[in-house]
Amino acid sequence: MKPRHMLMGAALAGAAALVLFGDRTPNATVAEAVERKPARSAQATPAAAAPARAATPAGGQPASGPAAILRLVPRDELIGAVGEGSFKSKDGVFGGQSWNPPPPPPPPENRNQAAPPPSAPPLPFQFLGKAAADGQWEVYLGRGEQTYVVRKGTQIDGAYRVDNIAPPTLTITYLPMNQAQQLHIGVIE
């Protein structure tokens with residue numbers, strides 16, 4: 001054990017002895033206020049007159065005796081007749097402060113701008129698989145409960161035509177609008 005530990009242990013034992021065996025009788029005497037006399041300097045300053053005015057109670061009568069208790073000021077005189085209603089606002093008593101930047105203004109509406117051109121509906125097909133047969137790719141597509149085996153140039157229900165099969169994409173044209181769309185079919189295995 002180090003000497004510092006022994007010293008701290010002795011201090012702890014002394015503190016415990018004071019707690020257990022110390023004087024526990026309450027002190028019945030009351031400490032009285034001390035009257036202080038201001039130090040007089042050669043020049044009288046306005047700051048020295050300020051404490052004398054502060055000792056005058058709100059009623060305007062000078063303090064009598066060494067200690068004076070000022071009267072309480074009614075609430076109506078402090079905050080007005082409206083009371084707590086004057087503190088109510090949408091942000092609460094202290095007012096809110098947000099450090100977030102304001103949102104950007106909305107873009108101006110251009111009424112002369114034409115509506116976007118119509119586009120083909122999303123492809124209704126789900127990729128099921130692919131195979132290479134006779135040097136050409138065959139792709140298996142599903143729509144609902146139907147399964148389609150398609151090659152390049154195949155038309156599906158008169159609305160779709162398969163234009164190109166080049167893994168990882170299958171290019172299909174929506175015939176009513178003549179718009180090409182692509183379907184991901186995976187890489188060559």
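From a predicted model like this one, the values you see are computed outputs, not experimental measurements. (Residues numbered from 1 in each chain as written. Predicted model: local features only at pLDDT ≥ 70, side-chain atom pairs only at ≥ 80, totals over all residues. Heavy atoms only, no water.)

### Side note on the sheet that holds strand β2 (residues 136-143)
Here's step 1: With respect to topology, three strands assemble into an open sheet ordered β1-β2-β3, the strand pairing being antiparallel. Two strands lie at the open edges of the sheet, namely β1 (126-133) and β3 (146-150), each paired on one side alone. On average, adjacent strands in this sheet sit at an angle of 20 degrees to one another, irrespective of strand direction.
Here's step 2: Pairing of β2 with β3 involves five bridges; the strand directions are antiparallel. Pairing of L141 across the sheet is with Y148, part of β3. (Pairing = 2+ DSSP bridges. Helix = DSSP H or I, 4+ residues; strand = E, 2+ residues; numbered from the N terminus. Axes fitted to C-alpha atoms, helices over the stretch in contact; angles between N-to-C directions.)

### Things to note about the packing of aromatic side chains
How two aromatic rings sit relative to each other is set out by the distance from centre to centre and by the angle between their planes.
Here's step 1: Counted by the stated rule, this structure contains three aromatic pairs.
Here's step 2: Judged by centre distance (5.9 Å) and plane angle (85 degrees), the rings of F125 and Y148 are edge-to-face. Of this pair, F125 sits in the loop between α3 (75-79) and β1 while Y148 sits in strand β3, and the two are 23 residues apart along the sequence. The same class applies to F125 and to Y148, which are both buried.
Here's step 3: Taken together, a centroid distance of 5.3 Å and an interplanar angle of 50 degrees make the contact between Y160 and Y174 tilted. (Phe/Tyr/Trp six-rings, centres within 6.5 Å; stacked < 30°, edge-to-face > 60°. Buried < 20%, exposed > 50% of the residue type's maximum accessible area, 1.4 Å probe, protein only.)

### Remarks on the sheet that holds strand β4 (residues 155-156)
Here's step 1: Here four strands make up an open sheet; going across it, the order is β4-β5-β6-β7 and the pairing antiparallel. A single partner strand is all that each edge strand has here, and the edge strands are β4 and β7 (179-184).
Here's step 2: For β4 and strand β5 (residues 160-166), the ladder comprises two bridges, and the chain directions are antiparallel. Residue I156 lies in a different strand from β5, and its bridge partner there is Y160.

### Let's talk about the UniProt feature "signal peptide" (unreviewed entry) in the chain
Here's step 1: Taken from the UniProt record, the annotation "signal peptide" (unreviewed entry) applies to residues 1-22.
Here's step 2: The span residues 1-22 is 86% helix and 0% strand, and its two end C-alpha atoms sit 30 Å from each other. (UniProt positions renumbered as here; feature names shortened; annotations may be inferred.)

### Notes on the pattern of salt bridges
Here's step 1: For the structure on display, the rule yields three salt bridges.
Here's step 2: As a salt-bridge pair, R143 and D157 come within 1.9 Å of each other at their nearest N and O atoms. Residue R143 is located in strand β2, and its partner D157 is located in the loop between β4 and β5; the two are separated by 14 residues in the primary sequence.
Here's step 3: For R143, a relative accessible area of 24% gives the class partly exposed.
Here's step 4: R161 serves as the salt-bridge partner of D163, at 2.8 Å between the closest nitrogen and oxygen. (Salt bridge = Lys/Arg side-chain N within 4 Å of Asp/Glu carboxyl O.)

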